[in-house]
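# Descriptive analysis of the structure
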Amino acid sequence: MTLPLFFFYLFAIIAVGSAFMVISAKNPVHAVLFLILTFFNASGLFMLAGAEFLALILIVVYVGAVAVLFLFVVMMLDVDFASLRQGFLQHAPIGVVVGIIFLLELLMVAGSFVVSPEVTSAAVLPMDGVDNIRAIGQVLYTRYVFLFQSAAAVLLVAMIGAIVLTLRHKSNVKRQDPIKQVGRRPSETLEVVKVKSGQGL
Amino acid sequence: MDFILAALDYLLGIPVLGWGMQVGFVYKALLLLVSLLVFTAFILLAERKIWAAVQMRRGPNVVGPFGLLQSFADLIKFALKEPIIPGGADKILFLLAPLLTATLALTGWVVVPLEPGLAIADINLGILYLLAISSLGVYGVIIGGWASNSKYPFLGSLRAAAQMVSYEVSIGLVIITVLLCVGSLNLSDIVTAQQEMGLANMIGLPQLTFLNWFWLPLFPMFVIFYISALAETNRPPFDFAEGESELVAGFMTEYSATPYMLFMLGEYISILLMCAMITILFLGGWTSPIDLLPFIWIPGVVWFVVKLSLVFFMFAMAKTIVPRYRYDQLMRIGWKLFLPLSFGMVIIVAFVLQLTGCGWHGGMA
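Note that the structure is predicted; figures quoted are calculated from it, not measured.

How each quantity is defined
Residues numbered from 1 in each chain as written. Chains lettered and ligands numbered in written order. Predicted model: local features only at pLDDT ≥ 70, side-chain atom pairs only at ≥ 80, totals over all residues. Heavy atoms only, no water. Helix = DSSP H or I, 4+ residues; strand = E, 2+ residues; numbered from the N terminus. Buried < 20%, exposed > 50% of the residue type's maximum accessible area, 1.4 Å probe, protein only. Areas by Shrake-Rupley, 256 points an atom, 1.4 Å probe, with all protein chains shown as cover. Domains from an automatic or database assignment. Contact = heavy atoms within 4.5 Å. Salt bridge = Lys/Arg side-chain N within 4 Å of Asp/Glu carboxyl O. Buried area = accessible area lost by both parts, 1.4 Å probe. Polar contact = N/O pair within 3.5 Å; in protein donor to acceptor, adjacent residues only side chain to side chain. Nonpolar A, V, L, I, M, F, W, Y, C, P; charged D, E, K, R; others polar. Expected span 1.5 Å × (residues − 1). Bend = angle between axes of the 7 residues up to and from the residue. Phe/Tyr/Trp six-rings, centres within 6.5 Å; stacked < 30°, edge-to-face > 60°. Lys NZ or Arg CZ within 6 Å of the ring centre and 35° of its normal. Axes fitted to C-alpha atoms, helices over the stretch in contact; angles between N-to-C directions. Left-handed = near helix turned anticlockwise from the far one by under 90°.

### Some details on the overall build of chain A
On a plain count of helices and strands, chain A comes out with 10 helices and 0 strands. Seen in sequence order, chain A has helices and strands lined up from the N terminus as α-α-α-α-α-α-α-α-α-α. Taken across its 201 residues, chain A has 17% of its residues classed as buried. A total accessible area of about 15,700 Å² is found for chain A, and carbon and sulfur atoms account for 71% of it.

### Side note on the domain arrangement of chain A
Assigned domains within chain A: domain 1 (1-81) and domain 2 (127-166). Of note, the centres of domain 1 of chain A and domain 2 of chain A, computed from C-alpha atoms alone, are 24 Å apart.

### Notes on the environment of Ile333 of chain B
Residue and element names in this part refer to chain B. Among the structural elements, Ile333 can be located in helix H14 (residues 327-356). Between the C-alpha atom of Ile333 and that of Tyr167, which follows or precedes it by 166 residues, the distance is 9.6 Å. Dropping the residues within four chain positions of it, Ile333 is found in contact with Tyr167, Phe238, Tyr325 and Phe338.

### Some details on the pattern of salt bridges
All names here are of chain B. Scanning the entire structure with this criterion turns up 4 salt bridges over all chains. Two residues, Asp239 and Arg324, come together in a salt bridge whose shortest N-O distance is 2.7 Å. Of this pair, Asp239 sits in the loop between helix H9 (219-232) and helix H10 (244-247) while Arg324 sits in the loop between helix H13 (300-321) and H14, and the two are 85 residues apart along the sequence. Given a relative accessible area of 27%, Arg324 falls into the partly exposed group.

### Description of the interface of chain A and chain B
Listed as interface residues are 30 residues of chain A and, on the opposing side, 35 residues of chain B. Here chain A and chain B share an interface that buries about 2,700 Å² over both sides, 77% of which is from carbon and sulfur atoms. Ranking the residues of chain A by area buried against chain B places Leu3, Leu56 and Met75 of chain A at the top, with a combined share of 20%. One can count 3 residue pairs in polar contact (both at pLDDT 80 or more) joining chain A with chain B. Elements that contribute at least two residues to the side of chain A that touches chain B include exactly helix H1 (3-24), helix H2 (28-48), helix H3 (52-76), helix H7 (132-140) and helix H9 (178-182) of chain A. Among the elements that take part in the side of chain A that touches chain B, H3 of chain A stands out by supplying 14 residues, more than any other. When grouped by side-chain class, the residues that make up the side of chain A that touches chain B number 21 nonpolar, 6 polar and 3 charged.

### Regarding the environment of Val302 of chain B
When you line up the elements, Val302 of chain B lands in helix H13. C-alpha of Val302 of chain B to C-alpha of Ser288 of chain B: the two residues are 14 residues apart in sequence and 9.3 Å apart in space.

### Brief notes about unusual backbone geometry
All names here are of chain B. Its identity is not glycine, yet Phe66 carries a phi of approximately 55°, on the positive side. Secondary-structure assignment places Phe66 in the loop between helix H2 (25-54) and helix H3 (70-80). Phi at Asn149 takes a positive value of approximately 55°, unusual for a residue other than glycine. Here Asn149 falls in the exposed class, since its relative accessible area comes to 52%.

### Brief notes about helix H5 (residues 88-115) of chain A
Relative to the 40 Å expected for 28 residues at 1.5 Å per residue, H5 of chain A spans 38 Å between its end C-alpha atoms, a close match to the ideal helical length. Along its length, H5 of chain A reaches its greatest deviation from straightness, about 30°, at Val109 of chain A.

### Concerning the side chain of Ser288 of chain B
Along the chain, the position of Ser288 of chain B falls in the loop between helix H11 (257-282) and helix H12 (293-296). If we ignore the near neighbours within four places in the chain, the residues touching Ser288 of chain B are Thr209, Trp213, Phe295, Ile296 and Trp303 of chain B.

### Overview of the packing of aromatic side chains
Summed over the entire model, instances satisfying the criterion amount to 17 aromatic pairs over all chains. Centroid distance Tyr141 of chain A to Phe148 of chain A: 5.1 Å. Interplanar angle 75°. Geometry classified as edge-to-face. Put simply, the rings of Phe94, Phe251, Tyr255 and Phe263 of chain B pair up and form one aromatic cluster. The ring of Tyr327 of chain B has Arg159 of chain B sitting right over it, with the charged end atom 5.3 Å from the ring centre.

### Concerning the packing of helix H6 (residues 151-182) of chain B against helix H7 (residues 187-196) of chain B
Residues and elements named next belong to chain B. Look at H6 against H7: their axes get within 10 Å of each other, and the N-to-C directions meet at 65°. Here the hand of the crossing between H6 and H7 comes out left-handed. Facing H6, whose interface residues are Val178, Leu179 and Val182, H7 presents Asp189, Ile190 and Ala193. Taken together, the residues of the contact of H6 with H7 sort by class into 5 nonpolar, no polar and 1 charged.

### So, the environment of Ser24 of chain A
Residue and element names in this part refer to chain A. Of note, Ser24 is situated in helix H1. Distance from Ser24 to Val182, taken between C-alpha atoms, is 54 Å for residues 158 residues apart in sequence. Of the polar contacts made by the side chain of Ser24, one reaches the backbone oxygen of Phe20; its length is 3.1 Å.

Have a look at this one:
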């Protein structure tokens, strides 16, 4: 048993354990924190598999940004879990069916290595002396450039859609224009008036 | 048993497997940890002295000569006081948050090269690792604010979350412009690239190394990174997470004694990490500013620390001089000013590099 194997089991056990805790934790904030722990251990597994770029991107994107927003929302929601659990038995069969389908598909993906052994050789890119990120770049921006661009377009549409859905122009809201504020001059707004005492304006 | 032996060899440097003598991982890490903590203690004192000088006070001057031991006195005081945990607090998370902040801040220092070869882990994706670690810093703040079960900490942590997530974007884009010029994500490579190319080499005066560094060609990015680093570490003028005029002490309101100290420690170590990032990305890391005799005798570590302290001086001066921003203005400059600016610079830098054929291409030419 070597050191990487030891760390593999460590990461894997924590990942599975915390993934279980995500669905069993009573407090939604705890659940999100366990989800973050799962992401973290998944990135540890990526690191062990030699995909260091993927591992770090997983941390930057999922843990550093997406999960923060999850946490953000969950902390602000006042979720009553007693009422959420009431329909549990009602929805349980659907959940079980979806779970079984998902499990079977996962097994099929993992089993493809057994069914057709030539898949294994395709999974490893024959790139010696090229580091991870360079290898990804060489494939992503040449062979898959159209897929990459269309994925970016889809994300752009989603982003614009989110903005359109939430942007509201109210007529009675006073908005600030910092350029106008900074550009104000005393001569335009101030008037010095000499008032004789006892006379008023 | 085999992996225990391997671990012994790797961590403690006991060559049980006959892999040859190497300095154990643990010793290196301990050395870095201790020197970092001592450095933080003095940098804290230096910061207080700088504020005092700006405000025409003397600053701490009682404990030890010139108050040099003030930070250690503070440490003892923090450690001996009773930590108070509020009644409604989530106890585990409440104590986990400061630990997380301090640990994550220290973890980032693993990849920082103080001199050629003098990093605990000189990994290929060093800068991405630093970005990942600094993006995790927000968790200590959010968890601490939520676990306190109190209004002001909660508001503070919400502000901090939004602020840190927004400024990460511009920091990431600034890093991308530097990476375009270097062609490698290794921190040592970034410093080496600043030695081997640049303005000084172009005009035929390779002795003036400081003209080679990226602060000159990427000056707008340097400024954006500096301001974003202030916002990312919740430093004044962007310290809304703990703005005392609005939120008592923000996410740290309920903290006392050692947990509070860990928060402060983590904050300052991550500030130093940001200073180190600026030093590496824009100020040439360990290289001496002038490549002539009296200067190149000074070891690289000293130059690194001098530059880091200089950047920290800029951080401290920003705290003393600049008044606190308003929260919506902070978000405005983050999203409406820095994001388009740095996007534009990424495109411009990429165009210039492509058209002129400049750039270091990861040392592969």
